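Working through the structure, step by step
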Amino acid sequence: MEYINNELHIGPNKKNLKSLTANYMRPIYVYDLDFIRMRFKAMAAALQNVRIFYAMKANSNPEVLACLKECGAGADVVSLGEIKRALESGFTPADIVYSGVGKTRHEITEALKLEIYQINVESLPELERIGEIAKAMGKKASIALRLNPDIDIKTHPYIATGLRDNKFGMELSLIPELIACLKKYASSLELVGVSLHLGSQMLEFDGYQEALERLKNVYHSLKQEFSTLRRFDFGGGLGIIYERSELDKEQSLLQEYAKITLNSLKELNCELQSEPGRWLLAHAGVLITQVQYVKKTSEKTFVIVDSGMNHLVRPSLYEAYHTILPLDKKSHEGVYDIVGPICESSDFFAKDRKLPEVKEGDFLAIADAGAYGYSMASTYNQQELPLEICI
Ligand SMILES: Cc1ncc(COP(=O)(O)O)c(C=O)c1O
């Protein structure tokens, strides 16, 4: 994002954000499709010969999905709702990988009817359930085992998924039972892959590398039992830099991540898959909100805007940092808490943040809100959902 003629612009083609507020009604998520295309190309170039299944929980806007499908992505989904949205947005069943710990009988049945590409199984009872349903339907399910290597990737505990005390994936000690179950349902389950997802916003890769080593060994031993095994899905999780002053680190992080992944996995000689979400979308989206009041107390100056944790929950949920910039460049500075209208003290975007001087009616852009923004929004306090615009 940068100012041109004192107005804030986004993306590689420097699109003006101010013009989008001409008929402002309520907060708007703006997604720059050129920016998303650029990110996809950069990741695809770094992860050569890896099939990218976009984790659509990050942002399931239909135009965003259509854009990524056009770029060549598949979709990583976690519910029947996401399967439906993916299909409506142009993906085919052959593009869909289905993860998630709580797949219901109905969801599994629908996924099998559609013959989706791969189901990432997260527990032994789920594997048993899929085997049983597929057998009754006369189908053969393509299964990847999501394994939990018990590795810490040093992210916020709420977005870590690869530790023993997380609900995700299956412990390596379960493998003999998984093999037995796969054999029991040999006519209805085909083991095609091993999968992994350690968590989100990963910015250093020691734990990740260790996890790949552990799962490579598992892959080799499973391959001896199941000749159908041919895919390794290394999940998503590559982090982005929310502190914009250090943005230039991002390219080298991508290169490092790709190098570790490809070097570690090349000996498997198998199909590689990944499930990125945040990295593709976060920078390409911004949440525009309008200042309602500037409220001074003896302790603080609050900037109260018309959006809040109901629209972008990341700061409240994970104490996540987002850069905030006024759409019109200003010179004087103040120190503010930027807060929303919701009746919770956790309803804030930033605390004690230095910002150009803010006045009632000004528009603020909450940067890097393209991932886990609208897709996590709610109508709490009976507030309306924000609008979404693709540019
Ligand atoms: C199974 C799975 N794959 C991929 C992702 C995408 O992660 P990220 O957006 O950090 O790339 C997630 C996110 O939580 C996930 O649960």
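Keep in mind the model is a prediction, meaning the values are calculated, not measured. (Residues numbered from 1 in each chain as written. Predicted model: local features only at pLDDT ≥ 70, side-chain atom pairs only at ≥ 80, totals over all residues. Heavy atoms only, no water.)

Okay, the domain arrangement of the protein chain next. Accessible area lost when the parts come together is the quantity often used to give the size of an interface. For the protein chain, the domain assignment lists domain 1 (2-30 + 283-390) and domain 2 (100-274). A separation of 36 Å is found between the C-alpha centroids of domain 1 and domain 2. Each partner contributes residues to the interface: domain 1 has 10 residues there, and domain 2 has 11 residues. Of the roughly 940 Å² buried between domain 1 and domain 2 on both sides combined, carbon and sulfur atoms contribute 56%. When the buried area of domain 1 at its contact with domain 2 is split by residue, H283, Y318 and Y321 rank highest and sum to 56% of it. Summed over the shared surface of domain 1 and domain 2, the number is 0 salt bridges. At the junction of domain 1 with domain 2, the criterion picks out 3 residue pairs in polar contact (both at pLDDT 80 or more). Residues of the side of domain 1 that touches domain 2, tallied by class, amount to 5 nonpolar, 3 polar and 2 charged. (Domains from an automatic or database assignment. Contact = heavy atoms within 4.5 Å. Buried area = accessible area lost by both parts, 1.4 Å probe. Salt bridge = Lys/Arg side-chain N within 4 Å of Asp/Glu carboxyl O. Polar contact = N/O pair within 3.5 Å; in protein donor to acceptor, adjacent residues only side chain to side chain. Nonpolar A, V, L, I, M, F, W, Y, C, P; charged D, E, K, R; others polar.)

What follows deals with the site of the ligand. Around the ligand there are 13 residues in total, and S200, G237, E275, R278 and Y372 lie nearest to it. At 2.9 Å from an oxygen atom of the ligand is found a main-chain nitrogen or oxygen belonging to G277. Looking at side-chain class alone, the shell around the ligand contains 3 nonpolar, 5 polar and 5 charged residues. (Near = heavy atom within 4 Å.)

Let us look at helix 7 (residues 206-225). For helix 7, spanning 20 residues, the distance from its first C-alpha to its last is 30 Å, which sits close to the expected 28 Å at 1.5 Å a residue. Buried residues of helix 7: G207, Y208, A211, L212, L215, K216, V218, Y219 and L222, and no others. Each element contacted by the buried residues of helix 7 is listed here: strand 9 (141-148), helix 6 (175-184), strand 11 (189-195), strand 12 (231-233) and helix 8 (249-265). (Helix = DSSP H or I, 4+ residues; strand = E, 2+ residues; numbered from the N terminus. Expected span 1.5 Å × (residues − 1). Buried < 20%, exposed > 50% of the residue type's maximum accessible area, 1.4 Å probe, protein only.)

Turning our eyes to something else, we now look at the pairing of strand 2 (residues 7-10). Note: strand 1 (residues 2-4) against strand 2, 3 bridges, orientation antiparallel. The residue of strand 2 that forms the bridge with I4 is E7. Counting the residues between successive antiparallel strands, the hairpin from strand 2 to strand 3 (residues 15-16) contains 4 residues, one of them, G11, with a positive phi of roughly 80°. (Pairing = 2+ DSSP bridges.)

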